[in-house]
Amino acid sequence: VSCEGIRLGPYLDGELDAGERADVDAHLGECRACAEELRAITAASAAVKAWRPGRRGFRGLPLVAAAAALVAAALLVVPGGLAPRAEGVVSLRAGERVRHAGVREYVAGGLARPAEIECAGGTLFASHARFRLEDRPMRTRTKVGAAVVATAAVVLWGTIEISDRAGGRSTLGEGTHEIGPPAEVVEVEGGRGAEEPPPPGDPFEAVTGVVLMPDGSPAPEASVALTYPAQYAGGAADQATISDTEGRFRFASAAKPFILAAVKARAGAASGYFTPGAHAVLRLRAGARVEGRLLDEVDGTPVAGCLVSSQMTGGVWGHAREVTGADGRFVLDGLDPDASTLWIRPRAHLDAVVRPRLARGETVALELRLQRAAALRGKVVDAGTGAPVALLEVEVWGNPQRAARLLGDGRFEVEGQRFGTSIVVRAEGYPDTGFSFDDPWGSATRAREQVFRIDRGVLLRLRARDERDRPIAGTRIALLRAGSYWRDLGTAEDGDATVRIPSASPREWLALGQHPGHVFDQTPISPARAGEAVVPLLGRAAGTVVGRVVVKDGRPAAGARIDVGQAQGFALEDGRFRLGGLAPGRAAIRALLDDEAASFEADLRAGEETDVGDVVLRGGATITGFVTRPDGLRVERYEVWAAQRGGAVDADGSFRLTGVEEGRAYEVNVRAGGMTKAVLDVLGGTQSLEIRLDDWATIRGRVIMPEGEAVPVGLSMGCGSPGRPVFCDTRLYMDGSFVVEGIPAGRYTVTAGAEESGYARTEATVEVEALGTAEVEIRLVRGGAVEGTVSSPLPGEKLMVTLTRTDSGATRNSAVRDGVFGLAALAPGEYVAEARTYEAHFRGTRQAVVVRSGETARCDLAVVATGGLVVRATPGAALALLDALGNPVDPSTEERRALSQQLWEAKGRPDVREKSAREALEAEADRALSAADGQGLWRRLALFPGEYVVAAGELRCRAVVRAGETTELDLR
Amino acid sequence: VRVVVQRIEVERVLRALEPRLRGLALRTLGKAADADDVVQEVALRALAGVDGFRGEAALPTWIYRIAVAVLGDWMRSPFRRRARPLAERPDPGRGPFDAAAAGEERDLVRRAVLRLPAEQRLVLMLREYEGMAYREIAAVLGIPIGTVESRLHAARRRVARELSL
């Protein structure tokens with residue numbers, strides 16, 4: 001094999017299949033160039049992976065220069081199944097010393113983990129350091145690397161020995177590895193020592209501090225990060241270091257107020273807000289640890305290769321992730337007990353999200369039984385010809401562990417399909433077409449290969465033109481489908497771009513243009529059925545603003561940030577700035593540097609520069625305060641912001657908003673739990689305020705399972721207040737208990753269900769008083785299923801079945817594929833099933849269905865051609881349509897839609913996104929269904945063929961409706 | 001009610017994803033202030049577009065698509081590109097020891113990453129930070145898998161060269 005066909009990137013990323021992999025392996029054995037290339041990209045990949053810019057993502061060892069990167073070059077492959085506990089010594093050449101050393105373990109597909117380090121002699125400067133890689137399971141071909149990281153310039157590289165648990169030294173490769181080229185050693189001559197004070201005139205001040213364990217003892221080797229709050233534009237350098245054996249640390253410089261954060265694995269984390277020159281004391285708060293095991297629900301075999309991750313919010317917790325080993329085990333630690341949710345994403349089992357009850361400093365053992373997922377098999381055919389389509393790709397959303405395999409002849413297979421799975425089908429000459437499955441586990445659809453029909457859609461030709469209809473070269477063009485699908489077509493060199501979109505798209509598309517010299521409005525694209533469409537994008541000449549930012553004494557404010565709407569620029573060394581591509585007209589401009597700011601408005605002229613002259617920064621003020629509940633207790637976890645800028649919340653629960661202009665009024669906003677609160681018109685300047693929340697109600701509850709059944713892994717819950725947009729901060733624990741905290745008093749609907757395990761979503765309503773706590777219980781029941789067929793004279797037309805619960809009106813939808821539909825995990829009760837189609841003049845039949853727990857009900861529906869009825873009567877006469885038995889005939893969905901459509905058109909299309917406007921139109925449509933209009937005409941559409949009776953007062957008149965025809969009736 | 005429920009759901013997912021989105025933005029843009037703005041912009045776009053979210057993609061994926069679009073805008077916008085990283089301002093008054101000790105603040109990896117062209121940087125971050133598979137990256141960015149592979153390779157080679165690996 002020549003080097004041409006060797007795909008090293010996919011080899012490194014595990015994207016090759018076994019055969020290709022073997023080819024690359026063989027090639028690497030004989031080609032030095034490729035082996036060298038692989039080493040380089042592996043090292044680069046590890047360097048980028050190990051790179052932690054700090055802030056919330058900060059965890060682990062410092063990002064010291066490229067040192068960590070090199071270590072990746074010494075990757076070692078551990079044979080499958082081995083659970084190594086590697087120990088080793090980093091020893092340095094004679095005369096060289098290291099201040100800090102660190103060793104990392106690289107797990108394939110996961111993040112680097114720091115290992116425990118001991119510095120010899122307990123001194124800051126050491127000649128060698130011992131390390132131990134944690135005893136933990138690893139999956140096949142785990143890569144173990146070791147990094148020697150030193151923060152001082154004394155020496156970066158040494159030699160490293162790694163031995164396995166058995167004490168042998170040869171298991172992990174060659175025994176002794178030399179890391180890094182000696183040529184890169186930087187010698188120190190006449191430098192200033194770390195403990196010396198900064199020289200006079202140094203504009204930066206050093207920061208020193210100490211990290212303490214939760215018990216107050218020094219925390220050696222804790223990772224410490226220094227970061228600037230978000231409002232210090234341009235100066236947001238994140239720095240990191242590790243504390244020495246006494247827990248002490250030092251940063252060479254800090255220019256502005258900053259936040260310090262410290263983490264020590266298995267001990268905890270701390271953070272605080274400091275000003276330059278501070279001596280910081282950071283006491284760690286303990287974290288929690290989870291030791292888990294994932295097993296198959298049926299036979300209890302371990303689930304290997306499953307991604308387990310925890311997303312934690314607040315402070316420096318960041319996130320943790322791990323892949324289970326061959327024994328199904330994983331360990332996550334340093335978790336924030338208040339905010340830890342585990343996301344479990346296996347390959348061939350159903351996904352799960354669990355929330356164990358954690359406590360600081362404690363280890364929780366977890367054993368989860370995962371439900372096996374069915375595979376989805378499908379075939380993609382052309383909607384017109386029915387011929388198989390040559391697929392480029394089938395994407396599966398939601399779980400990075402899953403992939404679709406293409407089997408040829410339009411066929412594909414996805415392992416481990418789950419609720420809400422969506423796929424996007426890509427094929428040459430077709431638009432990207434998405435399908436989603438509301439009910440993949442319904443037995444009716446699961447057992448069969450499903451057929452997906454795609455059509456060639458509409459070819460859009462997008463043309464960016466200026467006001468004189470000349471092409472605007474270099475316009476970036478993108479398409480947006482009403483907020484849900486966004487596609488960037490890239491830069492159109494000649495101002496033209498083409499793309500295919502689906503033809504039957506029920507929603508509007510928008511075309512967007514972007515160009516430095518022009519401003520584009522969003523251009524709506526009306527849905528077309530087929531063929532081609534030309535879409536002109538009009539670009540208006542943009543305005544430019546120039547000026548100079550100065551501080552109070554007239555000196556230039558170099559680096560000040562300028563915001564004009566969404567656009568942003570920076571002032572240069574002389575304070576001058578220039579920002580182009582702005583929409584002409586009145587614009588609000590804001591300049592900001594450190595904690596000084598200025599805002600004003602200016603009129604921007606199209607195609608011209610507008611000089612706003614000198615902008616003088618003012619301010620340097622701060623608003624501080626804290627948030628309390630109505631009973632006076634302080635709230636510790638909340639968000640605070642003012643003038644679109646977030647504030648910092650300290651560990652003691654107080655907040656600080658900087659970058660505030662003096663003499664300007666601010667609205668301070670707080671969100672805590674589900675409560676939001678705004679304090680209006682706080683005058684800038686350094687001032688303190690207490691924000692008292694109006695309410696702090698709590699809902700506590702428990703999900704009760706049927707006798708003898710365990711809480712399923714896929715249990716989920718929701719909480720909302722009918723008719724009110726209340727944000728509910730819900731916490732659901734694995735034992736089925738839940739808490740919703742910090743919400744306003746009122747009536748809430750709490751739902752819980754585990755549809756993937758067959759438990760129906762069940763609802764409970766609860767009323768909670770101001771400052772009160774309400775208790776609620778939700779009893780889960782095994783749901784029932786409905787499956788059946790829909791016969792239709794319309795081959796290839798998109799059909800669906802809607803199941804409406806008779807008592808609550810709640811609906812569930814199922815797609816119909818090849819005439820079959822199915823829905824599972826339905827709450828027991830009475831439903832009405834209705835087949836639905838988008839095709840005009842056709843209508844689906846309805847049928848009542850009773851769903852019983854654990855049973856499958858059968859329901860066969862049909863789509864039939866309909867007819868219409870036009871009645872001539874006296875204007876405004878009240879009319880009703882009855883069936884042959886004398887029962888009123890409900891208006892069809894299509895009838896309502898057609899009437900609403902007519903009304904919108906008559907009224908010049910009001911904004912139909914407004915719910916109230918839509919409801920008003922529907923009410924009007926209802927009236928039109930019961931009375932003749934001003935001309936005495938009354939229409940009914942989409943009626944099933946058969947005999948009907950039209951009732952006008954006491955008068956009854958018989959009418960026969962035939963498929964595909966409109967029957968006329970004169971009652972005058 | 002559906003829209004309200006969706007909005008609540010979007011808020012919940014946004015809150016859950018927020019640290020990861022911020023991490024992705026911070027790594028891609030290199031500046032915490034920009035990362036904050038991007039996260040805010042993603043949240044605004046997601047909440048503004050929630051009425052139009054029809055469940056074609058999983059909610060987190062949809063939000064990632066928005067995030068990638070916003071990040072792309074941010075990196076390619078000629079106005080923002082002009083922003084100078086002030087943290088790198090030269091500091092002539094310090095000796096070699098400090099210059100080296102400041103390796104803490106003068107992060108070579110960061111500089112190497114920030115010098116990558118926008119499209120390479122996004123692919124690299126989605127792979128190395130988000131741990132996405134090639135096909136997911138292709139899906140989120142709306143580019144073919146082959147392009148993902150070539151951009152990723154180019155990005156890694158360039159980082160390797162910049163770091164003299």
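Caption draft 1: The sheet that holds strand β57 (residues 729–732) of chain A, seen in detail. Residues and elements named next belong to chain A. Reading across the sheet, the four strands line up as β57-β58-β55-β61 and stay open at both edges, with mixed pairing between neighbours. Among the strands making up the open sheet, the edge pair consists of β57 and β61 (773–779). On average, each strand axis in the sheet is tilted by 15° relative to the strand beside it, whichever way the strands run. Judged from the four bridges that link them, β57 and strand β58 (residues 737–743) form a sheet pairing that is antiparallel. Across the sheet, aspartate 729 pairs through a bridge with glutamate 741, a residue of β58.

Caption draft 2: Region of interest: the sheet that holds strand β64 (residues 811–815) of chain A. Residue and element names in this part refer to chain A. The sheet built from four strands is open, its strands ordered β64-β63-β66-β68 with antiparallel pairing. Two strands close off the open sheet at either side, each with one partner strand: β64 and β68 (846–851). Between one strand axis and the next, the sheet turns through 25° on average, direction left out of account. Note that strand β66 (residues 829–837) and β68 share six bridges and pair antiparallel. Paired with tyrosine 831 across the strands is valine 849, a residue of β68.

Caption draft 3: Quick peek at the side chain of threonine 866 of chain A. Residue and element names in this part refer to chain A. Tracing the backbone shows threonine 866 in the loop between β70 (861–865) and β71 (867–872). Exposure remark for threonine 866: the relative accessible area of 4% places this residue in the buried category. Excluding residues that lie within four positions of it along the chain, threonine 866 makes contacts with His841, Phe842, Arg843, Ala942, Leu943, Phe944, Pro945, Arg962, Ala963, Gly964 and Glu965.

Caption draft 4: Up close: the environment of valine 535 of chain A. Residues and elements named next belong to chain A. Position of valine 535 relative to the elements: it lies in strand β38 (residues 531–541). Residues valine 535 and arginine 463, spaced 72 residues apart in sequence, show a C-alpha to C-alpha distance of 6.2 Å. Apart from the residues within four sequence positions on either side, valine 535 is in contact with Leu460, Arg461, Leu462, Arg463, Thr523 and Ile525.

Caption draft 5: Layout of the packing of helix α7 (residues 118–128) of chain B against helix α8 (residues 134–141) of chain B. All names here are of chain B. Contact geometry of α7 with α8 gives a least axis separation of 10 Å together with a crossing angle of 135°. The angle between α7 and α8 places the two elements in the oblique class. In this structure, α7 meets α8 at a crossing whose hand is right-handed. In this structure, α7 contributes Leu122, Val123, Leu126 and Arg127 to the contact, and α8 contributes Tyr134, Ile137, Val140 and Leu141.

Caption draft 6: Focus on unusual backbone geometry. Residues and elements named next belong to chain A. Positive phi, close to 65°, is recorded for aspartate 469, a residue that is not glycine. With respect to the helices, strands and loops of the structure, aspartate 469 is situated in the loop between β31 (458–465) and β32 (475–481). We classify aspartate 469 as exposed; its relative accessible area is 57%. Residue alanine 942 is not a glycine yet carries a positive backbone phi of 50°. Examined against the element boundaries, alanine 942 turns out to sit in strand β73 (residues 937–943).

Caption draft 7: How the structure looks around the pattern of salt bridges. All names here are of chain A. In the structure shown here, the tally under the stated rule is 34 salt bridges over all chains. Arginine 7 serves as the salt-bridge partner of glutamate 20, at 3.1 Å between the closest nitrogen and oxygen. One end of the pair, glutamate 20, is in helix α2 (residues 18–30); the other, arginine 7, is in the segment before α1 (8–12), with 13 residues separating them in the sequence. Exposure remark for glutamate 20: the relative accessible area of 31% places this residue in the partly exposed category. The partner of aspartate 603 in a salt bridge is arginine 586, with the nearest N and O atoms 3.0 Å apart.

Rules of the game
- Residues numbered from 1 in each chain as written.
- Chains lettered and ligands numbered in written order.
- Predicted model: local features only at pLDDT ≥ 70, side-chain atom pairs only at ≥ 80, totals over all residues.
- Heavy atoms only, no water.
- Pairing = 2+ DSSP bridges.
- Helix = DSSP H or I, 4+ residues; strand = E, 2+ residues; numbered from the N terminus.
- Axes fitted to C-alpha atoms, helices over the stretch in contact; angles between N-to-C directions.
- Buried < 20%, exposed > 50% of the residue type's maximum accessible area, 1.4 Å probe, protein only.
- Contact = heavy atoms within 4.5 Å.
- Parallel < 35°, antiparallel > 145°, perpendicular 65-115°, else oblique.
- Left-handed = near helix turned anticlockwise from the far one by under 90°.
- Salt bridge = Lys/Arg side-chain N within 4 Å of Asp/Glu carboxyl O.

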